[in-house]
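# Notes for the structure review
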Amino acid sequence: MSRHALALAFVLPALALYGLFVLYPLLTSLWGSLFQWRGLRQMGFIGLGNFVRLFEFPNSDRMFGALGHNVLWFVGIMVLQNGIGLFFAYLLFWSRKGAAFFQSVFFFPAMLSPVIVGALWRLLLAPNGAVEWGLNTLGLHEGRLTVLGDSQWALWMLIAIDAWNWMGLPVLIFTAGLRQISYEVFEAARLDGAGYGRMLFTIALPLLVPSISSVTTLSFINTFNQFDIVYVMQGVQGNPNYSTDTLVTWFYRLAFGAEGSVGITDIGLALALGTLLFLLLSVGSVLMLRGFDRLSVRP
């Protein structure tokens, strides 16, 4: 057997699994979005009819409302998770003692399932929960803590919890990126009188563009696929009053019959929404990677 044939023999099982569990469901979903559905039965071909329905009232209100929440979630994650993660990574880079310990501490929540994290924080933030007791004891809050039932604050609380859950990932990536930069570059800047803040913005950030690209793209994909924490903490409706609803929770309601009347599904609309979400993530990820690639520099 030739070398190429042997290499192909090793690759084929992985390609077969990828085609069976990724490509085939994707293509069937794209094709199914072009048909009318009655329950789980595929009916006649309607072309872009399901996509037109997405932009008609009341579906348009639900879609753009959920899309707005996903955008806010992405912005919040970029600031709270990745921004603070970069700050902590920079501190750990200059720390010579305890860096490995604190890096493990930051990464520990990322080892927990978002379902477990959501369930724990739901208990902590519930009325008569530990957070309410602690705030009342310190005099920082009085009465019942109803942040998860407040439409103005519920979404931001979920974003903060999600940022805490995955804070360790940007810390790990940024720390590894900083360690790839020659220490002599920082030493030369310090001899020229540059402080830690100036070195961060003039040296570290430009050379961290590949790491920032990876973290930003992963955050974009994860936030627009957000479902677990919302489902566990606020239910499939994105309570209160859909203020924490996301595109994926709305997709779930359309596909499994929790939108409007329980038990009524709209598979065609769900597949059209899934197709648009796939296109959004694909195009957005490619544009981000190309944009960051143009900004990248080499030390």
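Residues numbered from 1 in each chain as written. Predicted model: local features only at pLDDT ≥ 70, side-chain atom pairs only at ≥ 80, totals over all residues. Heavy atoms only, no water.

## A few points about the overall build of the chain
What counts, and what does not: Put simply, DSSP H or I for four residues or longer makes a helix, DSSP E for two residues or longer makes a strand, and each gets a number counted from the N terminus. Throughout, a residue-residue contact means that at least one pair of heavy atoms, one from each residue, lies within 4.5 Å. What sets the accessible areas is the Shrake-Rupley method with a 1.4 Å probe; for residues, cover comes only from the shown protein chains. Neither His nor the chain ends is counted toward charge; the positive residues are Lys and Arg and the negative residues Asp and Glu. Charge coordinates come from a single atom per side chain, which is NZ of Lys, CZ of Arg, CG of Asp or CD of Glu.
When its secondary structure is counted, the chain shows 14 helices and two strands. Taking the principal axes of its C-alpha atoms as reference, the chain extends roughly 75 × 75 × 35 Å. Within the chain, residue pairs in contact and separated by at least 24 positions form 66% of the contacts whose partners lie at least 6 positions apart. When the accessible surface of the chain is totalled, it reaches about 17300 Å², and 68% of it is carbon and sulfur. For the chain, the centre of its 16 positive side-chain charges and the centre of its 14 negative side-chain charges are spaced 9 Å apart.

## Section: the pattern of salt bridges
Put simply, the rule is: Each salt bridge in this description consists of a side-chain nitrogen of Lys or Arg and a carboxyl oxygen of Asp or Glu lying within 4 Å of one another. Here's how the labels work: a residue is buried when its accessible area is under 20% of the maximum for its type, exposed when over 50%, partly exposed in between, all with a 1.4 Å probe on protein chains only.
Under the defined criterion, the tally for this structure stands at three salt bridges. Here E187 makes a salt bridge to R190, at a shortest N to O gap of 3.8 Å. Of the two residues, E187 and R190 both sit in helix 9 (residues 183-191), three residues apart, roughly one turn of that helix. What makes E187 partly exposed here is its relative accessible area of 29%.

## Things to note about helix 8 (residues 168-179)
One full turn of an α-helix is made of 3.6 residues, so residues set three or four places apart face in the same direction. The test is simple: One fewer than the residue count of a helix, multiplied by 1.5 Å, yields its expected span.
When the terminal C-alpha atoms of helix 8 are compared, their 16 Å separation across 12 residues agrees well with the 16 Å that a helix rising 1.5 Å per residue should span. Inspection of helix 8 places G168, P170, V171, F174, T175, G177 and L178 among the buried residues, and these make up the whole buried set. If you follow the buried residues of helix 8, they end up packed against helix 3 (59-94), helix 4 (99-107), helix 10 (196-207) and helix 11 (209-224).

## Thoughts on the environment of S113
Structurally, the position occupied by S113 is in the loop between helix 4 and helix 5 (114-125). Counting along the chain gives 45 residues from S113 to L158, while the straight-line C-alpha distance between them is 15 Å.

## With respect to the packing of helix 5 against helix 7 (residues 154-165)
Note the following rule: Note on geometry: axes are C-alpha line fits, over the in-contact stretch for helices, and angles between N-to-C directions span 0 to 180 degrees. Reported orientations rely on four angle classes, namely roughly parallel under 35 degrees, roughly antiparallel over 145, roughly perpendicular from 65 to 115, and oblique for the rest. We call a crossing left-handed when the near helix sits turned anticlockwise from the far one by less than a right angle, and right-handed when that turn is clockwise. Throughout this entry, Asp, Glu, Lys and Arg are counted as charged residues, while Ala, Val, Leu, Ile, Met, Phe, Trp, Tyr, Cys and Pro are counted as nonpolar. The remaining residues, Gly among them, count as polar.
At a minimum axis distance of 11 Å, the contact between helix 5 and helix 7 shows a crossing angle of 130 degrees. In terms of their interaxial angle, helix 5 and helix 7 are classed as oblique. In the crossing of helix 5 with helix 7, the sense of the turn from one axis to the other is right-handed. Side by side, helix 5 and helix 7 meet where P114, V117, W121 and L125 of the first sit next to M157, I161, W164 and N165 of the second. When the residues that make up the contact of helix 5 with helix 7 are grouped by side-chain class, the tally is seven nonpolar, one polar and no charged.

## Quick notes on the UniProt feature "transmembrane region" (unreviewed entry) in the chain
Keep this limit in mind: UniProt positions are given in the numbering used here, feature names are shortened, and annotations may be inferred rather than shown by experiment.
The UniProt feature table records "transmembrane region" (unreviewed entry) at residues 7-27, 71-93, 105-124, 153-178, 199-221 and 267-289. In residues 267-289, helix accounts for 100% and strand for 0%; the two terminal C-alpha atoms are 33 Å from one another.

## Comments concerning the nonpolar core
Which entries qualify depends on this criterion: Take the buried Ala, Val, Leu, Ile, Met, Phe, Trp, Tyr and Cys residues and link them wherever side-chain atoms come within 4.5 Å; each set so joined is a nonpolar core.
Core analysis: the biggest nonpolar cluster contains 22 residues, and L54, F224, L247, W250 and L273 have the highest contact counts within it. Only helix 2 (49-54), helix 3, helix 11, helix 13 (247-256) and helix 14 (267-295) provide two or more residues apiece to this core. Contacts of F224, omitting those with residues within four sequence positions, involve L67, N70, V71, F74, L247, V248, L277, L280 and L281. In this structure, Y90, I203, A204 and F292 belong to the second largest nonpolar core, which totals 21 residues.

## What about a nonpolar patch on the surface?
Keep this limit in mind: Here a patch means residues that are over 30% exposed by relative accessible area and free of salt bridges, tied together within 9 Å if like-charged and within 5 Å if nonpolar (Val, Leu, Ile, Met, Phe, Trp, Tyr).
On the surface, a cluster of nonpolar side chains totalling about 720 Å² of accessible area is made up of L17, Y18, L20, F21, V22, L23 and L27. Within the secondary structure, L17 is located in helix 1 (residues 3-32).

## Some words on the side chain of T175
Note the cut-off: Polar contacts here mean pairs of N or O atoms no more than 3.5 Å apart (in protein, one a potential hydrogen donor and the other a potential acceptor; neighbouring residues in sequence count only if both atoms are side-chain atoms).
With respect to the helices and strands, T175 occurs in helix 8. Owing to a relative accessible area of 1%, T175 belongs among the buried residues under this scheme. Polar side-chain contacts of T175 include one of 2.6 Å to the backbone oxygen of V171.

## Let's talk about unusual backbone geometry
Backbone torsion omega between F57 and P58 reads 5 degrees, so that peptide bond is classified as cis. Look at the link from N239 to P240: it is a cis peptide, with omega at -5 degrees. Examined against the element boundaries, P240 turns out to sit in the loop between helix 12 (228-234) and helix 13. One non-glycine residue, N128, adopts positive backbone phi at about 70 degrees.

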